[in-house]
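The lines below spell out each chain.
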Amino acid sequence: LEIPGRAPPMLPSMALGLAGLALCDGRLDYSAIILFGFHGMLRIGEAFTITRSQVALGSDFCGTVSLGMTKGAKRKGTPEHVTCTDALAGRALVRALQFSQNGDALLVGTPYSFRAWFSAALVRTGLEKFGLKPYSLRRGGATHTYRQTCNMPFVVERGRWADTRTARLYVTEGLALLNELQLPAE
């Protein structure tokens, strides 16, 4: 039997650091993908395809983002959405999309270019040893939300998991892994 190679969860501080690095690199789109991907527990492919017309945020940078017919939406037959209650993630989305047209995607470039930048950013920040992947944003967001709320049904609903067992597995594994993660002081 082979042990699954699941992406480890990302800590909030890691997501903030990578988002800040993306800003330093002039990549508002990458910063928004990281911050909203973590906050909204998005599958990475969902984050890549968000367009300006799908984002409905108020002056407080909170609101909803329509995800359209995602993996889960196709099973249910109804488009999915996620709420944005984090002003920093919402502000990042608005800034990244401010000069785009309604149909333009949040990601400027290709998913490959984001993944290549992500891998290089892990090396630049010394985080490569943790085995993080873009999917770590979703897992980290779920684990962080559970730690904040201790409410598994809320995490399942917000993360749009069809199977509660999958979300529970992600969170319990994530909590165990977080106990092992020790960030270096630098």
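Here, every reference points to the structure presented above.
Structural notes, computed from the coordinates.

Rules used in this analysis
Residues numbered from 1 in each chain as written. Predicted model: local features only at pLDDT ≥ 70, side-chain atom pairs only at ≥ 80, totals over all residues. Heavy atoms only, no water. Core = buried A, V, L, I, M, F, W, Y, C linked by side-chain atoms within 4.5 Å. Buried < 20%, exposed > 50% of the residue type's maximum accessible area, 1.4 Å probe, protein only. Helix = DSSP H or I, 4+ residues; strand = E, 2+ residues; numbered from the N terminus. Lys, Arg positive; Asp, Glu negative; His and termini not counted. Salt bridge = Lys/Arg side-chain N within 4 Å of Asp/Glu carboxyl O. Polar contact = N/O pair within 3.5 Å; in protein donor to acceptor, adjacent residues only side chain to side chain. Contact = heavy atoms within 4.5 Å.

It is worth spelling out the nonpolar core at this point. The nonpolar side chains of a soluble globular protein tend to be buried, and buried together. By size, the foremost hydrophobic cluster in this structure holds 41 residues, and its most contacted members are Phe36 and Phe114. Among the elements of the structure, helix H1 (12-24), helix H2 (28-40), helix H3 (44-49), strand S1 (55-57), strand S2 (63-68), strand S3 (80-84), helix H5 (87-97) and helix H6 (111-125) are those that each provide at least two residues to this core. By residue number, the principal contributor to this core is H2, which donates seven residues. Met152, Val155, Tyr170 and Val171 belong to the second-largest nonpolar core, a separate cluster that totals nine residues.

Attention now goes to the side chain of arginine 138. Its place among the elements puts arginine 138 in helix H7 (residues 136-149). Among buried charged residues, arginine 138 stands out as having no salt bridge; its nearest opposite-charge side chain is glutamate 46, 5.1 Å away. A distance of 2.4 Å separates a polar atom in the side chain of arginine 138 from the backbone oxygen of methionine 41. A polar contact is formed between the side chain of arginine 138 and the backbone oxygen of glycine 159, at a distance of 3.0 Å. Sequence-distant contacts of arginine 138, defined by excluding residues within four places in its chain, comprise Gly37, Met41, Leu42, Arg43, Gly159, Arg160 and Trp161.

A separate point is the pattern of salt bridges. Enumeration according to the criterion identifies seven salt bridges in this entry. Among the salt bridges present, the one from arginine 124 reaches aspartate 25, with a minimum N-O distance of 2.8 Å. Residue arginine 124 is located in helix H6, and its partner aspartate 25 is located in the loop between H1 and H2; the two are separated by 99 residues in the primary sequence. The partly exposed category is assigned to arginine 124, whose relative accessible area is 49%. When salt bridges that share partners are traced, they join Arg43, Glu46, Glu80 and Arg160 into one network.

Scope: geometric values only; no functional claims are made or implied.
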